[in-house]
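Examining the three-dimensional arrangement
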Amino acid sequence: MPELIQKQVAFAILKWLKAQKDEAGNLTPALDCLAAHFEVNLDDAECHNQCDTGLKLDEAVYAISAKSGEPDAVKEQKLQEFIGMLKQKGYFQGVEEGSPAYFERYEKAKTKFNARNNPFEGLSADQLKTHGNQKMVSGQYQEAVNYYSKAIELDSSNAIYFANRAAAHTHLKSYKCAMADCEKSLQLDPNYSKAYSRLGTALFYEGSYQLAVEKYAKAVELDPSNEGFRADLQAAEQKLQESQVAGGGPGGLDFSNMGAILNNPEFMEMAQQVMQQPQFAEMVNNIAGNLGQNLQGGMPDFSQMFSNLAAQQPADGSIPEVVNTPFGDIQREQLEQLQHMPEIRDNPKFQAIMDDVKSSGPMAMLKYMNDPEVMTTMTKLASSLFAKPPAGESAPAVEPPTKE
């Protein structure tokens, strides 16, 4: 059996290979062989938790290359090729080779060459951090990571360098890397409020709202006057409350057992009966008309949608992050928020239906499908759901890097 470190390396390689464009499927045999040999599966939640260290293969190779550098002879050869190109372009025109003027131009060209080929050369850790900050401002987040990484290589005792790299990782959606950097930053400086804030942000975007609230609260405790920390804490608390409601708390529906429902033959039989009713066909046609879609090819295959939904079930049996439908994809968050829309929330009839669904399960909804008011409201909600993206909401911004 492969050792854990071998499985972690194989997992990182598989992630990188899978991200490459391979329309012809040439990489598929290699992926299958690698996965089988090291006993890893990118789609398995347990394997993902065990083997995904957050390592990005290209970043690791870049860091190794930057650290090892090139032999002096190779560097000198490349420099002379660069000088030769400048000579052809007339850079040394009007000055005699070997003269002070020639030497001055040569040194300028060499400095430019070194900056291109090794932007880190000659820079202190703090200067590297400053360059990283500039890359962050210009949106070059991967380059920012590279500068911060080089600064850390020169001085691994500075909490700011790790926290700044965490901010860059968060922009790149490498949340595990961001969290690891924040944890390291806090080991170096347990009272560094920005490290707590950035850890909260990484946790927020990964969906760990309870932990995000705790980290933001600590940041506020350490720096009570920071309004940004307070705003982020409020956003995380709101998101936590919404997730608890959507997950089955007071006033919300429980979406956590959809796997069992979709695999229930009774539910599927009732759903098939509803889909064959004229009212359902009318609703589908109305939705399609509102969206400007043409159903001349016939009714969409909703039974296939249910099958796909069951196949996409996460390990905990909840709704997948993205639900594929004949009208387009829906984010799980959009489905969870439907129950809070005014058409549902402020209508006593629908509140009664919601209570029935909460007490009897989602199957109870099927018996209301013959109600014209229910069908009209569902048509309206579905049309708005597919016609536009989810409404914007407050979310923590990734903090700018620390300048000091």
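Values in this document were obtained by computation on a predicted structure and should not be read as measured data.

Examining the nonpolar core
If you look at the biggest cluster of nonpolar residues, it comprises 26 residues, and the most contacted ones within it are M179, Y192, L199, F204, A212, Y216 and A236. Elements with a contribution of two residues or more to this core: α9 (159–171), α10 (175–188), α11 (193–206), α12 (209–222) and α13 (227–246). If sequence neighbours within four positions are ignored, M179 has contacts with L199, A202, L203 and E206. Core analysis: the next-biggest nonpolar cluster, separate from the first, contains 10 residues, F82, L86, F92 and Y102 among them.

Here we look at the packing of aromatic side chains
A complete count under the given rule lists 6 aromatic pairs for this structure. Relative to Y205, the ring of F204 has its centre 5.3 Å away and its plane inclined at 80°; by these criteria the two rings are edge-to-face. Relative accessible area serves as the criterion here: at 34%, Y205 is assigned to the partly exposed category. By the ring-pair criterion, three or more aromatic residues cluster together here, those being Y91, F92, Y102 and Y106.

Brief notes about the packing of helix α7 (residues 125–137) against α9
One way to put it is that α7 packs onto α9 with a least axis distance of 11 Å and a crossing angle of 25°. Classed by the angle they form, the pair α7 and α9 counts as roughly parallel. The two elements α7 and α9 cross, and the hand of that crossing is left-handed. Along the contact surface, α7 presents A125, D126, K129, N133 and M136, while α9 presents I160, Y161, N164, A167, A168 and H171. Along the lines of polarity and charge, the residues of the contact of α7 with α9 split into 6 nonpolar, 3 polar and 2 charged.

Here's the deal with unusual backbone geometry
In this structure, E39 takes a positive phi of about 60° despite not being glycine. Even without a glycine there, the phi angle at K173 is positive, about 65°. With respect to the element layout, K173 can be found in the loop between α9 and α10. The exposure class assigned to K173 is exposed, which follows from its relative accessible area of 64%.

Here is what the cut-offs are and how they apply
- Residues numbered from 1 in each chain as written.
- Predicted model: local features only at pLDDT ≥ 70, side-chain atom pairs only at ≥ 80, totals over all residues.
- Heavy atoms only, no water.
- Core = buried A, V, L, I, M, F, W, Y, C linked by side-chain atoms within 4.5 Å.
- Buried < 20%, exposed > 50% of the residue type's maximum accessible area, 1.4 Å probe, protein only.
- Helix = DSSP H or I, 4+ residues; strand = E, 2+ residues; numbered from the N terminus.
- Contact = heavy atoms within 4.5 Å.
- Phe/Tyr/Trp six-rings, centres within 6.5 Å; stacked < 30°, edge-to-face > 60°.
- Axes fitted to C-alpha atoms, helices over the stretch in contact; angles between N-to-C directions.
- Parallel < 35°, antiparallel > 145°, perpendicular 65-115°, else oblique.
- Left-handed = near helix turned anticlockwise from the far one by under 90°.
- Nonpolar A, V, L, I, M, F, W, Y, C, P; charged D, E, K, R; others polar.

Functional significance is not addressed by these values, which are geometric in nature.
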